[in-house]
Amino acid sequence: MAGRLSLQEVDLSCSICCEIFRDPVVLKCSHSFCAPCLQRYWTQGPRRRDCPLCRSQSVDEPVPSLTLKNLCEAYIQEGEGPEDPAGELYCDPGEMCPLHGERLKLYCVPDEEPICVVCHTSRKHKQHDCCPVSEAIVDVKEKMKSALGSMQEKRDAFDKMKKNYEDAVECIQVQARFVERRTREEFEKLHGFLDAEEEARMEALRREEEQKSRAVRQKIEEIVGNITSVSESIRVLEEEMALQGISVLHKCKATLARANSPIEDPVMPPGALLDVASHLGSLNFHVWEKMHKTVKFTPVTLDPNTAAPWLILSEDLASVCDSDEKQKMPDNPERFDPDTGVLGRESFTSGKHAWVVNVGDNTAWVVGVAKESVQRKEKVSSVLKNGYLSVYFYHKMYFAGTSPLTRLNLKRNPQKVRVQLDCDKGRVSFYDDDTHIYTFKHVLSERVFPYFWVGCQQCPLTLEPLEVSLKAVEYF
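Note that the structure is a prediction, hence the values are computed from the model and not measured.

Cut-off values and rules
- Positions within a chain are numbered from 1, following the residues in the order the chain's sequence is written.
- Predicted model: local features are reported for residues with pLDDT of at least 70 only, side-chain atom pairs are reported and counted for 80 or more only, and whole-chain, interface and lining totals are derived from all residues.
- Hydrogens and waters are ignored; side-chain quantities use all the structure's heavy atoms.
- The numbering of helices and of strands both runs from the N terminus, where a helix is a DSSP run of H or I of at least 4 residues and a strand a run of E of at least 2.
- By definition here, a helix of n residues has an expected span of 1.5 Å times n minus one.
- Residue burial is assigned from relative accessible area. The probe radius is 1.4 Å, only protein chains are included, and a residue is buried under 20% of its type maximum, exposed over 50%, and partly exposed in between.
- Directions from the helix axis toward the C-beta atoms define the arc.
- The aromatic pairing rule takes the rings of Phe, Tyr and Trp, using the six-membered ring of Trp, and pairs them if the centres are within 6.5 Å, calling planes under 30 degrees apart stacked, those over 60 edge-to-face and the rest tilted.
- A patch consists of residues whose relative accessible area exceeds 30% and which take part in no salt bridge; residues with like charges are grouped when within 9 Å of each other, and nonpolar side chains (Val, Leu, Ile, Met, Phe, Trp, Tyr) when within 5 Å.
- With residues, only the protein chains shown are counted as cover, and all accessible areas are computed by Shrake-Rupley using a 1.4 Å probe.
- By salt bridge we mean one thing: a side-chain nitrogen of Lys or Arg within 4 Å of a carboxyl oxygen of Asp or Glu.
- We count Lys and Arg on the positive side and Asp and Glu on the negative side, and we leave His and both chain ends out.
- By convention, charge coordinates are those of NZ in Lys, CZ in Arg, CG in Asp, or CD in Glu.
- When DSSP finds at least two bridges between two strands, those strands are taken to pair.
- Comment: axis = line fitted to C-alpha atoms, over the contacting stretch for helices; angle = value between 0 and 180 degrees taken between N-to-C directions.
- The contact criterion used throughout is that any non-hydrogen atoms of two residues lie within 4.5 Å.
- In protein, a polar contact requires one atom able to donate a hydrogen and another able to accept it; more generally it is a pair of N or O atoms within 3.5 Å, and residues adjacent in sequence count only if both atoms are side-chain atoms.

Draft legend 1. Inspection of the environment of Arg40 at higher detail. Relative to the helices and strands, Arg40 resides in helix H2 (residues 35-44). With 24 residues separating them along the chain, Arg40 and Ile16 place their C-alpha atoms 9.9 Å apart.

Following this line, the structure appears as structure tokens:
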């Protein structure tokens, strides 16, 4: 025949001889074969009565299959069987065993390859579990379907990550422009301060220069007057000295009195020159000392890369509040989502540290520290067992984040909460001014970060700046 076997031809073919059944018999396992083919298989095989397909032992004699025999005879009478003038049934070369020329009817499970009945009895596949090719195809397709689903899930994951990276690129560009703008603004402030300070110092220099120059010019005018007076006295003395006779005596008394009148010696008074040292002495230090009064310093800076997408941070990264709108942010591993938390940029493993949070009239907040290992992609309670050492204000009540929560009875509502961290002693304490609120005593075996959670849109949590002083080291 010109084409491959139809489904009917395959069903009516013996798996041993690959031809239409002749005197078909059926075994207890329900597999059918030509009676002569089965007897020859049992005679030439390993001297045991097993099924050539499934290897199950057959104790009973094969039972003739009259129904199958009738179907085969009817098929042959229709001219589609082996008596067809076109010759033997055509089979795709890929369905034939390259070693034995038999149809590949079985599938060796351990070796994962299709085999023929002769291969089944060979040393290579002896004692191997086998199944019909049709069953193997079903099993393989199920595995392929499962693999396809897995690959599709992986592709979806890559698509999602690709989108996340694209969002990250966009976010990096936005962050870069924001940092550029803020940096320029801050330097403009510094430049403005320095320009104003420079101008003030130049003005002070000009005033001192004018004042002292005017004083020196006045002295010069006084000296010029003295020079004129002395010169006149010299001229008179010289004229009178040139006289002869008694006339010298008549004029000498007045002339000598004028010449001997007291005139102060020309001496420059102290402080006549510019006080150069006052202008240039430790100039940059004094400018720096004056500058620190115009700048703010906060011991903790909020890290926008950890902030939940619903949070809004101030441009100086010193305050945070909640919002209704979720911002477009990359889902980086540092970010809290869905919980509305944010960490400080600074982290601590040793030493003592403190910062003050202005909670004001905020109606829902959590303040404290979080371990580096806290879960950021699930919404969990900010309590000690989850890696947080914090205090709560929620539903108009105060709590310490123990497990379970500890109710705190405070005499007043704090406006500012001071957090004091002692990493070496494993202490995290909270104060309202000087009033102690609560202290956690817990060994800190890993890095911790300042932690803030906020559920209020009207009033932000704000980090208070610290007073900074400059002091030169003195040696005694």
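Draft legend 2. Helix H3 (residues 66-77), seen in detail. For H3, spanning 12 residues, the distance from its first C-alpha to its last is 16 Å, which sits close to the expected 16 Å at 1.5 Å a residue. Those residues of H3 not exposed but buried are Leu68, Cys72 and Tyr75. Projection of H3 onto a plane perpendicular to its axis shows the buried side chains occupying an angular sector of 60°, all on one side. For H3, the exposed residues set more than 90 degrees away from the buried face come down to Leu66, Thr67 and Gln77.

Draft legend 3. Highlighting the packing of aromatic side chains. Within this structure, the stated rule accounts for 10 aromatic pairs. Here Phe430 and Phe440 contribute two aromatic rings whose centre-to-centre distance is 6.2 Å and whose plane-to-plane angle is 75°, an arrangement assigned as edge-to-face. Taken as a pair, Phe430 in strand S16 (residues 427-432) and Phe440 in strand S17 (residues 435-441) lie far apart in primary sequence, 10 residues in all. Here Phe430 matches Phe440 in class, with each residue buried.

Draft legend 4. Examining a positive patch on the surface more closely. On the surface, a cluster of positive charge is contributed by Lys352, Lys425, Arg427 and Lys441. Relative to the assigned elements, Lys425 resides in the loop between strand S15 (416-422) and S16.

Draft legend 5. Highlighting helix H5 (residues 133-241). The end-to-end C-alpha distance of H5 is 154 Å, a good match for the 162 Å that 109 residues give at a rise of 1.5 Å each. Of the positions making up H5, those classed as buried are Ala136, Asn164, Asp167, Cys171, Arg182, Phe193, Glu197, Glu208, Ser233, Val236 and Glu240.

Draft legend 6. Structural context of unusual backbone geometry. Residue Pro338 follows Asp337 across a cis peptide bond; omega there is 20°. Counting through the fold element by element, Pro338 comes out in the loop between strand S8 (319-321) and strand S9 (341-343). Here the bond from Ser403 into Pro404 is cis, since omega is 0°, no more than 30 degrees from zero. Here Pro404 shows up in the loop between strand S13 (397-400) and strand S14 (406-408). Residue Cys18 is not a glycine yet carries a positive backbone phi of 65°. Take Cys18: it is sitting in the loop between helix H1 (7-11) and strand S1 (24-26). Since its relative accessible area comes to 13%, Cys18 is described here as buried. Backbone geometry places Asp433, a non-glycine residue, at a positive phi of 55°.

Draft legend 7. Seen up close, the sheet that holds strand S4 (residues 106-108). One open sheet holds the three strands; their spatial order is S5-S4-S6, and the pairing between them is antiparallel. Where the open sheet ends on each side, the last strands, each with one partner, are strand S5 (113-115) and strand S6 (130-132). Ignoring strand direction, the axes of neighbouring strands in this sheet form an average angle of 35°. Alignment of S4 against S5, held across three bridges, turns out to be antiparallel. Residue pairing in the sheet places Leu106 in a bridge with Ile115 of S5. Its contacts with the sheet place H5 against S4 and S6, and it is angled at close to 95° to S6.

Draft legend 8. How the structure looks around the side chain of Ser382. By the element assignment, Ser382 lies in the loop between strand S11 (365-371) and strand S12 (388-394). Using a relative accessible area of 4% as the deciding quantity, one classes Ser382 as buried. At 3.1 Å, the side chain of Ser382 and the side chain of Tyr451 are in polar contact. Excluding anything up to four places from it in sequence, Ser382 contacts Val366, Tyr388, Ser390, Tyr392, Gly401 and Tyr451.

Draft legend 9. Representation of the pattern of salt bridges. All chains considered together, the criterion is met by 30 salt bridges. With its nearest N and O atoms 2.7 Å apart, the salt bridge here joins Lys377 to Asp331. In this pair, Lys377 is assigned in the loop between S11 and S12 and Asp331 in the loop between S8 and S9, connecting sequence segments 46 residues apart. Ionic contacts of the salt-bridge type, sharing partners, join the residues Arg181, Arg182, Glu185, Glu186, Lys189 and Glu315 into one network.

Draft legend 10. Expanded view of the sheet that holds S14. Here six strands make up an open sheet; going across it, the order is S9-S18-S11-S12-S13-S14 and the pairing antiparallel. What marks the edges here is a single partner per strand, and that holds for S9 and S14. The mean angle between the axes of side-by-side strands here comes to 25°, regardless of whether they run parallel or antiparallel. Two strands pair when backbone bridges link them, and S11 and strand S18 (residues 448-454) are joined in this way by seven bridges, in the antiparallel orientation. Each residue of the ladder has a partner; that of Trp365, found in S18, is Val454.

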